[in-house]
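# Breakdown of the fold
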Amino acid sequence: MRTVVISQPMFLPWVGLFEQMQTADVFVHFDDVQFPQGRSFVSRVQVKTRDGIRWLSVPIARDGSSPRISDVCISEDGGWRRKHLETLRHNYGRAANFPAMFELAQELLLVPQSSLSEFNILSLERIAACLGLKCTFVRASALGRGGRSSERLISICAELGAETYVTGHGARNYLDHEKFEEAGMTVRYMDYAVEPWPQLHGEFTPFVTVLDLLAAVPFSEARGHFRSEAVDWRTFLKRSP
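Okay, so let's go over this structure. In this convention, every chain numbers its residues from 1, walking through the sequence in written order. Confidence filtering applies because this is a predicted model: local features only for residues at pLDDT of at least 70, side-chain atom pairs given and counted only at 80 or more, and all residues used for totals across whole chains, interfaces and linings. As a convention, hydrogens and water are excluded, and side-chain values are obtained from all of the structure's heavy atoms.

## Topic: the packing of aromatic side chains
So the rule is basically this: Each Phe, Tyr or Trp ring, with Trp reduced to its six-membered ring, pairs with another whose centre is within 6.5 Å; inter-plane angles below 30 degrees give stacked pairs, above 60 give edge-to-face pairs, and intermediate values give tilted ones.
If you walk through the whole model with that rule in mind, you get 10 aromatic pairs. Through successive ring pairs, a cluster of aromatic residues spans Phe-11, Trp-80 and Phe-119.

## Here we look at the side chain of Ser-75
Here is the rule: Helix and strand assignments come from DSSP, with helices taken as H or I runs of at least 4 residues and strands as E runs of at least 2, each series counted from the N terminus. Any pair of nitrogen or oxygen atoms within 3.5 Å is treated as a polar contact; in protein, a donor-acceptor pairing is required on top of that, and neighbouring residues in sequence qualify only through side-chain atoms on both sides. The contact criterion used is simple: two residues touch if any of their non-hydrogen atoms lie within 4.5 Å.
Examined against the element boundaries, Ser-75 turns out to sit in the loop between strand E4 (52-57) and helix H2 (80-92). Within the structure, the side chain of Ser-75 is placed 3.3 Å from the backbone nitrogen of Asp-77, a separation counted as a polar contact. What Ser-75 contacts, discounting residues up to four positions off in sequence, is Pro-59, Ile-60, Ala-61 and Trp-80.

## As for helix H3 (residues 98-109)
The criterion, for reference: By this rule the span expected of a helix is its residue count minus one, scaled by 1.5 Å. To sort residues, take the accessible area from a 1.4 Å probe on protein chains only and compare it with the maximum for the residue type: under 20% means buried, over 50% means exposed, and anything in between is partly exposed. Comment: arc refers to directions from the helix axis out to C-beta atoms.
The end-to-end C-alpha distance of H3, which contains 12 residues, comes to 16 Å, matching closely the 16 Å that a straight helix rising 1.5 Å per residue would cover. The set of residues buried in H3 consists of Phe-98, Met-101, Phe-102, Leu-104, Ala-105, Leu-108 and Leu-109. For H3, the angular spread of buried residues about the axis comes to 160 degrees, placing them on one side. Summarising the geometry of H3, the exposed residues directed more than 90 degrees from the buried face are Pro-99 and Glu-103.

## Section: helix H4 (residues 116-131)
In this model, H4 (16 residues) spans 22 Å end to end at C-alpha, consistent with the 22 Å of a helix rising 1.5 Å per residue. Buried within H4 we find Leu-116, Ser-117, Phe-119, Asn-120, Ile-121, Ser-123, Leu-124, Ile-127, Ala-128, Cys-130 and Leu-131. In this structure, the buried side of H4 is in contact with helix H1 (15-23), strand E2 (26-29), H2, H3, strand E5 (136-139) and helix H7 (210-216). Trailing H4 by a residue or two, Gly-132 shows a phi angle of about 80 degrees, which is positive.

## Overview of the environment of Leu-153
Along the chain, Leu-153 turns up in helix H5 (residues 149-159). Taking the relative accessible area as the measure of exposure, Leu-153 reaches 3% and is therefore buried. Linking Leu-153 and Phe-30, residues 123 residues apart in sequence, is a C-alpha distance of 9.7 Å.

## As for the pattern of salt bridges
Note the threshold: For salt bridges, the criterion is a side-chain nitrogen of Lys or Arg within 4 Å of an Asp or Glu carboxyl oxygen.
Under the criterion given, the structure shown has nine salt bridges. Arg-152 is the salt-bridge partner of Asp-32, the closest N and O atoms lying 2.7 Å from each other. Taken together, the residues span a long stretch of sequence, with Asp-32 in the loop between E2 and strand E3 (44-49) and Arg-152 in helix H5 at a distance of 120 residues. With a relative accessible area of 9%, Arg-152 lands in the buried category. The shortest N-O distance in the salt bridge between Glu-76 and Arg-81 comes to 2.8 Å. For Glu-76, a relative accessible area of 43% gives the class partly exposed. Judged by its relative accessible area of 9%, Arg-81 falls in the buried class.

Spelled out as C-alpha coordinates, the structure:
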(Lines give C-alpha, C1' and ligand atoms only; values in the text may rest on other atoms or scores of the structure.)
Protein backbone atom coordinates (compact mmCIF):
# COMPACT_ATOMS: atom_id res chain seq x y z
CA MET A 1 0.00 0.00 0.00
CA ARG A 2 1.64 3.23 -1.17
CA THR A 3 1.79 5.76 1.67
CA VAL A 4 2.34 9.50 1.37
CA VAL A 5 3.20 12.00 4.12
CA ILE A 6 3.03 15.76 3.50
CA SER A 7 4.60 18.22 5.92
CA GLN A 8 5.90 21.76 5.99
CA PRO A 9 9.72 21.72 6.16
CA MET A 10 10.52 22.19 9.85
CA PHE A 11 13.68 23.33 11.59
CA LEU A 12 15.56 20.36 13.12
CA PRO A 13 12.22 18.98 14.35
CA TRP A 14 11.17 16.47 16.98
CA VAL A 15 11.34 12.70 16.59
CA GLY A 16 7.65 12.44 15.71
CA LEU A 17 8.20 13.89 12.25
CA PHE A 18 10.76 11.20 11.49
CA GLU A 19 8.34 8.57 12.75
CA GLN A 20 5.89 9.89 10.15
CA MET A 21 8.68 9.69 7.59
CA GLN A 22 9.30 6.06 8.52
CA THR A 23 5.73 5.17 7.49
CA ALA A 24 6.08 6.87 4.09
CA ASP A 25 6.94 5.63 0.64
CA VAL A 26 6.93 9.28 -0.45
CA PHE A 27 7.51 12.27 1.85
CA VAL A 28 6.41 15.62 0.41
CA HIS A 29 8.03 18.83 1.59
CA PHE A 30 5.06 21.25 1.64
CA ASP A 31 7.32 24.15 0.78
CA ASP A 32 5.07 26.43 -1.26
CA VAL A 33 2.38 27.22 1.30
CA GLN A 34 2.26 30.49 3.23
CA PHE A 35 4.85 30.91 5.93
CA PRO A 36 2.96 30.60 9.24
CA GLN A 37 2.32 33.82 11.09
CA GLY A 38 3.67 34.10 14.62
CA ARG A 39 5.59 31.29 16.23
CA SER A 40 6.16 28.25 14.06
CA PHE A 41 8.16 25.03 14.02
CA VAL A 42 9.26 26.00 10.52
CA SER A 43 11.77 28.38 12.11
CA ARG A 44 12.27 27.15 15.68
CA VAL A 45 12.60 24.06 17.86
CA GLN A 46 12.95 23.19 21.53
CA VAL A 47 16.06 21.85 23.23
CA LYS A 48 16.57 20.69 26.82
CA THR A 49 19.08 22.67 28.83
CA ARG A 50 20.34 22.67 32.38
CA ASP A 51 17.89 25.49 33.03
CA GLY A 52 14.87 23.89 31.35
CA ILE A 53 13.41 24.05 27.87
CA ARG A 54 14.89 26.63 25.50
CA TRP A 55 13.95 27.60 21.96
CA LEU A 56 16.46 27.65 19.13
CA SER A 57 15.17 30.01 16.46
CA VAL A 58 16.32 30.93 12.98
CA PRO A 59 16.17 34.72 12.47
CA ILE A 60 14.05 35.64 9.48
CA ALA A 61 14.63 38.55 7.11
CA ARG A 62 11.17 40.10 7.16
CA ASP A 63 9.88 42.61 4.64
CA GLY A 64 6.27 42.96 5.81
CA SER A 65 4.84 40.54 3.24
CA SER A 66 3.25 37.12 3.81
CA PRO A 67 5.58 34.96 1.72
CA ARG A 68 5.49 31.30 0.91
CA ILE A 69 7.87 29.17 2.96
CA SER A 70 10.00 28.70 -0.14
CA ASP A 71 10.45 32.49 -0.41
CA VAL A 72 11.57 33.11 3.18
CA CYS A 73 15.18 34.20 3.64
CA ILE A 74 17.38 33.68 6.67
CA SER A 75 18.90 36.71 8.38
CA GLU A 76 22.55 36.30 9.35
CA ASP A 77 22.43 39.04 11.99
CA GLY A 78 23.68 38.11 15.45
CA GLY A 79 25.76 35.05 14.64
CA TRP A 80 22.90 32.66 15.36
CA ARG A 81 24.60 29.62 13.81
CA ARG A 82 27.56 29.70 16.19
CA LYS A 83 25.28 30.50 19.12
CA HIS A 84 23.11 27.46 18.39
CA LEU A 85 26.19 25.25 18.19
CA GLU A 86 27.43 26.61 21.52
CA THR A 87 24.03 25.89 23.07
CA LEU A 88 24.22 22.30 21.82
CA ARG A 89 27.82 21.91 23.01
CA HIS A 90 27.06 23.34 26.45
CA ASN A 91 23.95 21.25 27.11
CA TYR A 92 24.73 17.96 25.32
CA GLY A 93 28.49 17.74 25.78
CA ARG A 94 28.15 14.92 28.30
CA ALA A 95 25.73 12.84 26.21
CA ALA A 96 27.02 9.43 25.11
CA ASN A 97 26.89 10.10 21.36
CA PHE A 98 27.61 13.82 21.51
CA PRO A 99 30.67 13.83 19.18
CA ALA A 100 28.70 12.27 16.29
CA MET A 101 25.67 14.48 16.89
CA PHE A 102 27.77 17.63 17.09
CA GLU A 103 29.63 16.80 13.89
CA LEU A 104 26.25 16.44 12.17
CA ALA A 105 24.98 19.69 13.73
CA GLN A 106 28.03 21.55 12.44
CA GLU A 107 27.52 20.07 8.99
CA LEU A 108 23.93 21.31 8.96
CA LEU A 109 24.22 24.67 10.68
CA LEU A 110 27.37 25.95 9.01
CA VAL A 111 26.17 25.51 5.42
CA PRO A 112 25.89 29.08 3.98
CA GLN A 113 22.26 28.67 2.93
CA SER A 114 20.10 31.81 2.70
CA SER A 115 16.77 30.05 2.02
CA LEU A 116 14.98 28.78 5.12
CA SER A 117 13.11 26.20 3.07
CA GLU A 118 16.28 24.86 1.48
CA PHE A 119 18.05 24.79 4.83
CA ASN A 120 15.21 22.81 6.44
CA ILE A 121 14.75 20.41 3.52
CA LEU A 122 18.44 19.59 3.24
CA SER A 123 18.68 19.14 7.01
CA LEU A 124 15.64 16.84 7.13
CA GLU A 125 16.95 14.68 4.32
CA ARG A 126 20.43 14.49 5.84
CA ILE A 127 19.05 13.45 9.23
CA ALA A 128 16.77 10.92 7.53
CA ALA A 129 19.83 9.39 5.89
CA CYS A 130 21.58 9.16 9.27
CA LEU A 131 18.51 7.33 10.60
CA GLY A 132 18.46 4.94 7.66
CA LEU A 133 15.06 6.10 6.36
CA LYS A 134 14.45 5.10 2.75
CA CYS A 135 11.44 7.12 1.55
CA THR A 136 11.47 9.18 -1.63
CA PHE A 137 11.50 12.96 -1.12
CA VAL A 138 9.44 15.32 -3.28
CA ARG A 139 8.80 19.07 -3.08
CA ALA A 140 5.25 20.29 -3.45
CA SER A 141 6.56 23.27 -5.42
CA ALA A 142 7.81 20.86 -8.09
CA LEU A 143 4.43 19.16 -8.52
CA GLY A 144 2.41 22.19 -9.59
CA ARG A 145 -0.80 21.04 -7.93
CA GLY A 146 -3.27 23.79 -7.01
CA GLY A 147 -6.30 23.87 -4.75
CA ARG A 148 -6.91 24.64 -1.10
CA SER A 149 -6.65 22.60 2.08
CA SER A 150 -7.85 19.00 1.68
CA GLU A 151 -8.47 19.47 -2.04
CA ARG A 152 -4.79 20.18 -2.70
CA LEU A 153 -3.56 17.41 -0.41
CA ILE A 154 -5.77 14.93 -2.25
CA SER A 155 -4.50 16.19 -5.59
CA ILE A 156 -0.88 15.73 -4.51
CA CYS A 157 -1.56 12.28 -3.11
CA ALA A 158 -3.37 11.26 -6.32
CA GLU A 159 -0.44 12.37 -8.48
CA LEU A 160 1.89 10.27 -6.34
CA GLY A 161 -0.34 7.20 -6.48
CA ALA A 162 -1.14 7.22 -2.78
CA GLU A 163 -3.47 4.69 -1.26
CA THR A 164 -2.86 5.94 2.29
CA TYR A 165 -2.23 9.44 3.62
CA VAL A 166 -0.54 9.65 7.03
CA THR A 167 -0.65 12.88 8.99
CA GLY A 168 -0.05 14.42 12.42
CA HIS A 169 -2.56 15.46 15.04
CA GLY A 170 -2.99 19.05 13.89
CA ALA A 171 -4.77 17.97 10.71
CA ARG A 172 -7.83 16.85 12.65
CA ASN A 173 -8.95 20.50 12.75
CA TYR A 174 -9.23 20.92 8.99
CA LEU A 175 -8.92 17.63 7.08
CA ASP A 176 -11.93 16.39 5.10
CA HIS A 177 -11.56 12.66 5.70
CA GLU A 178 -14.57 11.68 3.61
CA LYS A 179 -13.19 13.45 0.55
CA PHE A 180 -10.04 11.37 0.79
CA GLU A 181 -12.15 8.22 0.91
CA GLU A 182 -14.20 9.37 -2.07
CA ALA A 183 -10.87 9.67 -3.91
CA GLY A 184 -9.99 6.09 -2.96
CA MET A 185 -7.51 6.89 -0.18
CA THR A 186 -7.47 6.07 3.51
CA VAL A 187 -6.38 8.62 6.11
CA ARG A 188 -4.32 7.56 9.11
CA TYR A 189 -3.09 9.60 12.07
CA MET A 190 0.10 9.05 14.01
CA ASP A 191 -0.54 7.49 17.40
CA TYR A 192 2.60 8.74 19.12
CA ALA A 193 4.27 6.39 21.60
CA VAL A 194 7.99 7.18 21.65
CA GLU A 195 10.28 4.87 23.61
CA PRO A 196 12.27 7.08 26.03
CA TRP A 197 16.00 7.35 25.51
CA PRO A 198 18.75 8.33 28.00
CA GLN A 199 18.10 12.05 28.21
CA LEU A 200 19.96 14.71 30.17
CA HIS A 201 18.55 17.45 32.39
CA GLY A 202 15.58 16.04 34.24
CA GLU A 203 12.29 14.41 33.31
CA PHE A 204 12.05 12.90 29.83
CA THR A 205 10.26 14.76 27.05
CA PRO A 206 10.02 13.75 23.37
CA PHE A 207 9.05 17.26 22.26
CA VAL A 208 12.58 18.48 21.56
CA THR A 209 14.81 18.42 18.50
CA VAL A 210 15.75 15.01 17.10
CA LEU A 211 19.36 16.05 17.84
CA ASP A 212 18.56 15.21 21.47
CA LEU A 213 18.03 11.55 20.51
CA LEU A 214 21.05 11.52 18.21
CA ALA A 215 23.21 12.83 21.06
CA ALA A 216 22.05 10.02 23.32
CA VAL A 217 22.46 6.89 21.17
CA PRO A 218 24.40 5.82 18.06
CA PHE A 219 22.63 6.81 14.87
CA SER A 220 22.18 3.14 13.96
CA GLU A 221 20.21 2.55 17.17
CA ALA A 222 18.04 5.67 17.12
CA ARG A 223 15.10 4.13 15.30
CA GLY A 224 14.87 1.53 18.05
CA HIS A 225 13.16 4.30 20.01
CA PHE A 226 10.46 4.76 17.37
CA ARG A 227 7.30 3.12 18.69
CA SER A 228 4.52 5.17 17.09
CA GLU A 229 2.01 3.69 14.63
CA ALA A 230 -0.48 5.19 12.19
CA VAL A 231 -4.12 4.43 13.01
CA ASP A 232 -7.31 4.87 10.99
CA TRP A 233 -8.79 8.36 11.32
CA ARG A 234 -12.04 7.09 12.86
CA THR A 235 -10.12 5.27 15.56
CA PHE A 236 -7.99 8.33 16.19
CA LEU A 237 -10.94 10.70 16.51
CA LYS A 238 -12.70 8.35 18.92
CA ARG A 239 -9.59 8.21 21.10
CA SER A 240 -9.01 11.96 20.96
CA PRO A 241 -12.37 13.74 20.89
